[in-house]
Amino acid sequence: MANMKIDRETLRELADEGNETALDRLADLADAAGDLDELSELLDEGCMHAGFLLTRRAAASGDLRELQRISDAGYDEAGQELDRLLNAPTEGHRR
């Protein structure tokens, strides 16, 4: 089968019609482009894959506020990652 290139407009139309795979594909494109605003919008639309991608980025950079925002937007794993980071021992501080 030939490698098919699907344009953003077609993906958006399919996503607007409820196609979750198209929504996930849009999130992958936004992630590859480093477009955090689009990823956030996709999360607001209910795209959990966008939540995953945003959580991965926020956790890697240690952005606790962003993890809280992602969690508040409905991606529960961001809250779990936030808790993990908050409960991690810090240098020079013992629990």
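Provided above is the structure to which this section pertains.
Residues numbered from 1 in each chain as written. Predicted model: local features only at pLDDT ≥ 70, side-chain atom pairs only at ≥ 80, totals over all residues. Heavy atoms only, no water.

**Remarks on the overall build of the protein chain**
(1) Moving on: Of regular secondary structure, the protein chain possesses six helices and zero strands.
(2) Moving on: When its helices and strands are written in sequence order, the protein chain yields α-α-α-α-α-α.
(3) Moving on: The C-alpha radius of gyration computed for the protein chain amounts to 16 Å, which surpasses the reference 12 Å derived for 95 residues by more than 25%, pointing to a less compact arrangement than a globule.
(4) Moving on: Projected onto its principal axes, the C-alpha coordinates of the protein chain cover approximately 55 × 25 × 20 Å.
(5) Moving on: Expressed as a percentage of its 95 residues, the buried residues of the protein chain come to 29%.
(6) Moving on: Taking contacts inside the protein chain between residues at least 6 apart in sequence as the whole, the part at least 24 apart equals 22%. (Helix = DSSP H or I, 4+ residues; strand = E, 2+ residues; numbered from the N terminus. Rg over C-alpha atoms; globule rule 2.2 N^0.38 Å. Buried < 20%, exposed > 50% of the residue type's maximum accessible area, 1.4 Å probe, protein only. Contact = heavy atoms within 4.5 Å.)

**Here we look at the environment of Leu43**
(1) Moving on: Within the secondary structure, Leu43 is located in helix H3 (residues 36–44).
(2) Moving on: C-alpha of Leu43 to C-alpha of Arg84: the two residues are 41 residues apart in sequence and 22 Å apart in space.

**Things to note about the side chain of Glu38**
(1) Moving on: Structurally, Glu38 is set in helix H3.
(2) Moving on: Classification of Glu38 as buried rests on a relative accessible area of 17%.

**Here's the deal with the pattern of salt bridges**
(1) Moving on: Throughout the structure, instances matching the rule amount to seven salt bridges.
(2) Moving on: The network of salt bridges with shared partners includes Arg12, Asp16 and Glu45. (Salt bridge = Lys/Arg side-chain N within 4 Å of Asp/Glu carboxyl O.)

**Observations concerning the side chain of Thr55**
(1) Moving on: Inspection of the secondary structure assignment puts Thr55 in helix H4 (residues 48–61).
(2) Moving on: Each residue touching Thr55, except ones within four places of it in the same chain, is listed here: Leu67, Ile70, Tyr75, Glu77, Ala78 and Glu81.

**Considering helix H1 (residues 8–16)**
(1) Moving on: Two or three places before Glu9, at the start of H1, stands the capping residue Asp7, its side-chain oxygen 3.1 Å from that residue's backbone nitrogen.
(2) Moving on: Looking at the residues trailing H1, positive phi occurs at Gly18, about 100°. (Polar contact = N/O pair within 3.5 Å; in protein donor to acceptor, adjacent residues only side chain to side chain.)

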